[in-house]
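# Analysis of the macromolecular model
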Amino acid sequence: MDAALMVARKGKFRTAALELGVSTTALSNAVGKLERTLGVRLFNRTTRSVSLTEAGQRFVAQVAPAVRDIHEAMEVARAQQATPSGTLRINAFPTAAREIFASLVLPFLRAHPQVHIDIVTEGRLVDIVAGGFDLGVRSADLVPADMIALPLGRGRRNVVVGAPNYLEAHGTPRVPQDLAEHSCLRVRLPNGAIYRWPFEKNGQSVQIDVKGPITLDEASLARAAALASVGLTLAMESDVRDDIEAGRLVRVLEDWTPTLSPLSLYYPSRRNPTAAFKAFIDFARRYGGASEAWSAQ
């Protein structure tokens with residue numbers, strides 16, 4: 001039933017299999033066995049898509065609440081464990097996941113080695129309840145109103161950086177409009193739109209549609225290109241802090257990059273949280289606003 005619900009949710013066997021951590025073949029066999037047991041086809045399958053049949057729609061609508069009740073009963077049983085164990089699934093923006101990984105996730109795993117953390121990074125906003133996640137990590141201003149939010153760390157900043165060799169050859173921009181004369185590494189958002197670089201100073205806001213030789217959707221690639229003197233990149237400060245301190249990258253337009261909202265760990269209200277869930281929340285409360293303190297432990 002979990003298999004059928006995940007396929008219905010994701011609309012593709014391959015994507016559902018990745019979420020469940022099984023092979024596509026195993027997932028297809030599980031759904032096929034359920035269909036044979038029921039004597040009815042639940043899904044219409046083509047080479048490109050999967051959709052629920054009318055019988056499948058009725059089945060999912062009736063079964064989904066019951067399966068949630070079963071999982072809740074299992075969580076109640078696990079919550080009686082003295083030692084936290086089991087899996088916690090966390091959904092986060094890629095930048096958010098990188099920010100909390102070394103300072104929160106790894107220290108937690110060292111303290112609770114029987115817990116398994118499953119992190120899924122996505123650039124789009126996700127309904128963590130519908131997606132089967134225990135927790136989410138997003139900017140505080142993007143946390144849904146019906147969720148419980150726990151602040152993590154301090155305010156964050158974007159930075160514009162370039163390699164010393166690039167700046168020596170092309171000069172240093174003084175105001176955002178100067179970027180029109182520079183090679184910039186463009187960023188594609190999950191919806192396909194090109195990200196406009198945001199700047200702010202003395203109450204004046206401006207967004208720049210930068211130009212350059214490469215369009216990317218992965219921050220580590222943009223960092224690598226900037227280090228290779230391809231052009232300037234807009235990055236999360238935490239992603240390039242070591243490069244700035246080592247002199248491999250130089251920060252520009254520093255007075256135009258505003259502070260961003262801090263991160264929040266968020267989750268739905270739960271009547272019977274597992275021991276692992278409670279331990280992670282308690283750990284995150286202690287972690288609070290001092291990421292440096294956890295990094296040093």
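Numbering of residues starts from 1 in every chain and runs along the sequence as written. Thresholds applied to this predicted model are a pLDDT of at least 70 for local features of residues and 80 or more for the giving and counting of side-chain atom pairs; totals over whole chains, interfaces and linings are not thresholded and use all residues. Excluded from the side-chain calculation are hydrogens and water; included are all heavy atoms of the structure.

## Considerations on the confidence of the model for the protein chain
For clarity, the threshold we go by: Across the chain, each position has a pLDDT score giving the predictor's confidence in that residue, from 0 to 100. Should any heavy atoms of two residues lie within 4.5 Å, those residues are considered in contact.
Averaged over all residues, the pLDDT of the protein chain is 86; the fraction at 70 or higher stands at 94%. Every residue in residues 289–297 is under pLDDT 50, and counting partners more than four places away or in other chains gives 11 contacts.

## Quick notes on the packing of helix α1 (residues 2–10) against helix α3 (residues 24–38)
The test is simple: In this description, a line fitted to the C-alpha atoms serves as the axis of each element, helices being fitted only across the stretch in contact, and the angle between N-to-C directions of two axes falls anywhere from 0 to 180 degrees. The helix and strand labels rest on DSSP assignments: H or I over at least four residues marks a helix, E over at least two residues marks a strand, and numbering proceeds from the N terminus. The cut-offs work like this: below 35 degrees is roughly parallel, past 145 is roughly antiparallel, 65 to 115 is roughly perpendicular, and the gaps in between are oblique. Handedness of each helix crossing follows the sense of rotation of the near helix against the far helix: counterclockwise by less than a right angle gives left-handed, clockwise gives right-handed. When residues are sorted by character, Ala, Val, Leu, Ile, Met, Phe, Trp, Tyr, Cys and Pro go into the nonpolar class, Asp, Glu, Lys and Arg into the charged class, and all the rest, Gly among them, into the polar class.
Two elements in contact, α1 and α3, have axes whose closest approach is 9 Å; the angle formed by their N-to-C orientations is 110°. Accordingly, the angle class assigned to the pair α1 and α3 is roughly perpendicular. Note that α1 runs across α3; the crossing there is left-handed. Only Leu27, Ala30, Val31 and Leu34 of α3 make contact with α1, whose side of the interface consists of Ala3, Ala4 and Val7. Counted by class, the contact of α1 with α3 contains 7 nonpolar, no polar and no charged residues.

## What about the side chain of Glu19?
Positionally, Glu19 belongs in helix α2 (residues 13–20). When near neighbours in sequence (up to four residues on either side) are disregarded, Glu19 contacts Met6, Lys10, Arg89, Val120, Gly131 and Phe133.

## Topic: the pairing of strand β15 (residues 263–267)
For the record, the criterion: Buried means the residue's accessible area, taken with a 1.4 Å probe over protein chains only, is under 20% of the maximum for its type, while exposed means over 50%, and partly exposed covers the values in between. Two strands are counted as paired when DSSP detects at least two bridges linking them.
Within β15, 5 of the 5 residues are buried, which leaves the element mostly enclosed by the surrounding structure. Of the two faces of β15, the one lined by Leu263, Leu265 and Tyr267 and the one lined by Ser264 and Tyr266 are each fully buried. As paired strands, strand β5 (residues 135–139) and β15 are joined by 4 bridges and run antiparallel to one another. Bridging across to β15, Val137 finds its partner in Leu265. Summarising the sheet, strand β6 (residues 148–152) and β15 pair through 5 bridges and their orientation is antiparallel. Across the sheet, residue Leu152 finds its bridge partner in β15, namely Leu263.

## Description of the side chain of Arg89
Short version of the rule: Distance and chemistry together define a polar contact, namely a pair of N or O atoms within 3.5 Å, with one atom able to donate a hydrogen and the other to accept it when in protein, and with adjacent residues in sequence counting only for side-chain atoms on both sides.
Assignment of secondary structure puts Arg89 in strand β3 (residues 86–92). Among the residues examined, Arg89 registers a relative accessible area of 12% and is labelled buried. Reaching out from Arg89, the side chain makes a polar contact with the side chain of Glu19 at a distance of 2.6 Å. Within the local environment of Arg89, its side chain forms a polar contact with the backbone oxygen of Gly132, the two atoms lying 3.1 Å apart. Apart from residues lying up to four places away in sequence, Arg89 is in contact with Glu19, Asp118, Val120, Gly131, Gly132, Phe133, Asp134 and Leu135.

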